[in-house]
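Structural features, examined
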Amino acid sequence: MAELQLVVRNGTAFCHGRAQRADVAVEDGRIVALGDRLRGKREVDATGCWVMPGIVDAHTHMALPVCGLRSGDDFDSGTRAAAFGGVTCIVDFSVAEPGMSLAASIESRREQAAVSVVDYSLHSEVVGMTPSRLDEFADACRLGVRSFKFYTTYSDSGRMTDDGMLFRCFRRLALLGGRAVVHAENDAIVLSMTKELLSKGRTSITDLPDARPSVCEAEAVSRVCLLARHAGVELRIAHLTSGDGLAEIAAARRRSNAGAPSRVWVETCPQYLLLDETSYEQACGRCFAATPPLRTSEDRLALWNGIAEGMIDLVATDHCPFTRAEKTMSERFVDLPYGIPGVETLLPLLLGEVLGSGRIGSERLVELLCEGPARALGLWPRKGVLAVGADADIVIVDPRERRSIRTDDLHMATDFSPYEGHEVVGWPRVTIVRGKIVVEEGRFVGETGWGRFVPQQPTAGSRELERAI
Ligand SMILES: [Zn+2]
C-alpha cells in the first residue's frame, strides 16, 4: 500500500469497538485503513498502548450564564482541556433567551463555539415554548441540530416545560426524527421540599439532597418515558443519579418492548458513579453543589449495576466549572451556582475503573464514552468508532501510567476538581482530531478554531419523513 499521511502503529486498537492488534491509517481527516504493517509519512508509535476512538462528551456547558456568573471555560479553554482528556467532540447547548427563536439561539451559540479546538455539536435548549413556536423545531433540524433539551423543573427561573407542552413538543420531534433530552426532576416536590427546609433554617449544602430527593427523579423519569412512548419520540434521560430512577427506566423499557416505536437512552456522569453525598460534608462541600445532587453510596452501586447490565448507554460529564470563590459565594445552597468541572477527567476516571478496580471491561468503556454518545446523538458512525470512513478522531492511552489527579495539573478554568487525590490507572497520551494531533505527551499542539460543527442525523426510520418536511 502507498505511504499514508498518518499511521498510528503497533497499538491495541478498538476497531468497530473490538480490541485487536491493528494499525490505524489516516488520510484527509478520515480513517482509510485498519490493518497490519501500514506505513505513513508520519507515524505515531503506540506500542503497549490502547488506540481508542476519540471520546464524545455528550453533555458540556461552556460559558453558561448561571447566577449572574458564567461557567469558567469558554469554548477555547474548555475544548483544550477536553483535548488533554482525550475528548475529541463535545456536545454543548444553545442558550435559550426570551424572544429568540431556536434557530437564532443555535446560530449565536455556533459563533461562540467557532473557536473550539475539538469538534462540537449542540443540543438546542428549549425554554418558553408555545404552540405558535412549534415550527421552530424544523428550522433547528435544518441547521443539523436534532437534539432538544427540556427541563421538568426550574419553574422558579422560567425554564420548566409543562407536561402538555412537553407532549406536543415530543410529538413534533417524533415527526422530524428529532431527539428529546430531559433533565428529569419533579418540580412541585423540589419546590415544596426546599420551602420546608428553608423554613426550618436548613440551608446548608448538606441539605441539598433532601431538597431534591430521588423520588423527584424517579417520578419525572417515569412520566417523561410514558409521554415519549406515546409520542413515539427518542428520549434521552440526562444525568441519571439514582437507583429509583433506574428502576423506572427498567419499567419503561419493559413496556416499550411491547411494540412501541420510541427508545430511551440513559446517561449518567462520573460524579454520580464515583462520589456520594458525603462530599457535601467536606471542607468545601459547596464546591460539589450540582443538580441533581450527589446521592447515597447505594445509588452509586445501583448505577454501576446499571452499567454492568447494559441499562446505561453513555457517560457524559455535565462539565460546568466554577472557581472555589464562586462556589462558596453564599452559605445557602439555594443561592449557589450549580455545576462541577469534568470534561478533562472523564476518560482518566473511567480508565481507572477499567484498569484499576476492574469494574468494567475495556470494550464496555468504548461503548459508554464513544459509541453510546455518538449513537444517542445521531453522530455515529462518523464519530465514536474506529472504522474506515469515520472521522480520524483517536486517543492513544497508556494503560501503564498511574497518576493521582491534581487540580494543578489540569487545564479546566477552575481551581477545584471534585477528584483531587483520586488515584487512576491509564492516561491519554495523544489526542487526534480529524487527523490532526492536538495533544501530544502532555503538550498542546492544536489550534484555536480547528474544531468543526458536527450535524446530527435524524433518528433511524425517520429519513423519509425528513425528506418530506
Ligand atoms: Zn447540564
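Just above, that's the structure.
Right, let's walk through the structure included here.

Conventions and cut-offs
Residues numbered from 1 in each chain as written. Predicted model: local features only at pLDDT ≥ 70, side-chain atom pairs only at ≥ 80, totals over all residues. Heavy atoms only, no water. Helix = DSSP H or I, 4+ residues; strand = E, 2+ residues; numbered from the N terminus. Polar contact = N/O pair within 3.5 Å; in protein donor to acceptor, adjacent residues only side chain to side chain. Contact = heavy atoms within 4.5 Å. Buried < 20%, exposed > 50% of the residue type's maximum accessible area, 1.4 Å probe, protein only. Pairing = 2+ DSSP bridges. Disulfide = S-S within 2.5 Å. Donors = N, O, S within 2.8 Å, 3.2 Å for Na, K, Ca; no water. Axes fitted to C-alpha atoms, helices over the stretch in contact; angles between N-to-C directions. Phe/Tyr/Trp six-rings, centres within 6.5 Å; stacked < 30°, edge-to-face > 60°. Lys NZ or Arg CZ within 6 Å of the ring centre and 35° of its normal.

**A closer look at the side chain of histidine 123**
In this fold, histidine 123 is placed in strand β12 (residues 119-125). At 2.8 Å, the side chain of histidine 123 forms a polar contact with the backbone oxygen of alanine 58. Excluding anything up to four places from it in sequence, histidine 123 contacts Ala58, Val91, Asp92, Phe93, Ser94, Val145, Ser147, Val181, Arg236 and Leu377.

**Some thoughts on the pairing of strand β15 (residues 234-237)**
Residues Glu234 and Arg236 point to one face of β15 and Leu235 and Ile237 to the other, with burial holding for every one of them. Two elements, strand β14 (residues 179-183) and β15, share four bridges in a ladder whose sense is parallel. Each bridged residue has a counterpart across the sheet, and for arginine 179 the counterpart in β15 is glutamate 234.

**Observations regarding the state of the cysteines**
Counted according to the given criterion, the structure contains one disulfide. A sulfur-sulfur distance of 2.0 Å marks the disulfide that ties cysteine 284 to cysteine 287. The disulfide joining cysteine 284 to cysteine 287 has a torsion of about 60° about its S-S bond and is therefore right-handed. Left unpaired, cysteine 269 is separated from the closest cysteine sulfur, that of cysteine 320, by 12 Å.

**Concerning the coordination of the zinc ion**
Around the zinc ion, the protein contributes the donor atoms His59 (NE2), His61 (NE2) and Asp318 (OD), which lie 2.1 to 2.2 Å from the metal centre. Between consecutive donors of the zinc ion, the numbers of intervening residues give the motif H-x1-H-x256-D. In this pair, histidine 61 sits in the loop between β8 (55-57) and β9 (65-66) while aspartate 318 sits in the loop between β17 (314-315) and α11 (324-327), placing the two residues 257 residues apart along the sequence. In this pair, the class of histidine 61 matches that of aspartate 318, namely buried.

**Examining the sheet that holds strand β16 (residues 264-268)**
Within a sheet, each strand pairs with its neighbour through backbone hydrogen bonds, oriented either parallel or antiparallel. Overall, parallel pairing links the eight strands, which are arranged β8-β11-β12-β13-β14-β15-β16-β17 in an open sheet. For this open sheet the edge positions go to β8 and β17, each flanked by a neighbour on one side alone. Note that β16 and β17 share two bridges and pair parallel. Note that in β17 the partner of threonine 268 across the bridge is valine 315. Along the sheet, helix α4 (residues 163-176) contacts β13 (147-151), β14 and β15; its crossing angle with β13, the most-contacted strand, is approximately 170°.

**Side note on the packing of aromatic side chains**
Evaluation of the coordinates by the stated rule reveals eight aromatic pairs. Measuring from centroid to centroid gives 5.6 Å for phenylalanine 14 and tryptophan 50, while their planes differ by 70°, and the two rings are edge-to-face. In this pair, phenylalanine 14 sits in strand β2 (residues 12-15) while tryptophan 50 sits in strand β7 (residues 50-53), placing the two residues 36 residues apart along the sequence. Of the two residues, phenylalanine 14 and tryptophan 50, neither departs from the other in class, the shared state being buried. Between tyrosine 151 and tyrosine 154, the ring centres sit 5.6 Å apart and the planes meet at 65°, which makes this aromatic pair edge-to-face. The class of tyrosine 151 is buried, set by a relative accessible area of 4%. Look at tyrosine 154 and you get buried, because its relative accessible area is 11%. Directly above the ring of tryptophan 450 sits lysine 436, whose terminal nitrogen or CZ lies 5.3 Å from the centroid.

Honestly, it's all geometry; don't read function into it.
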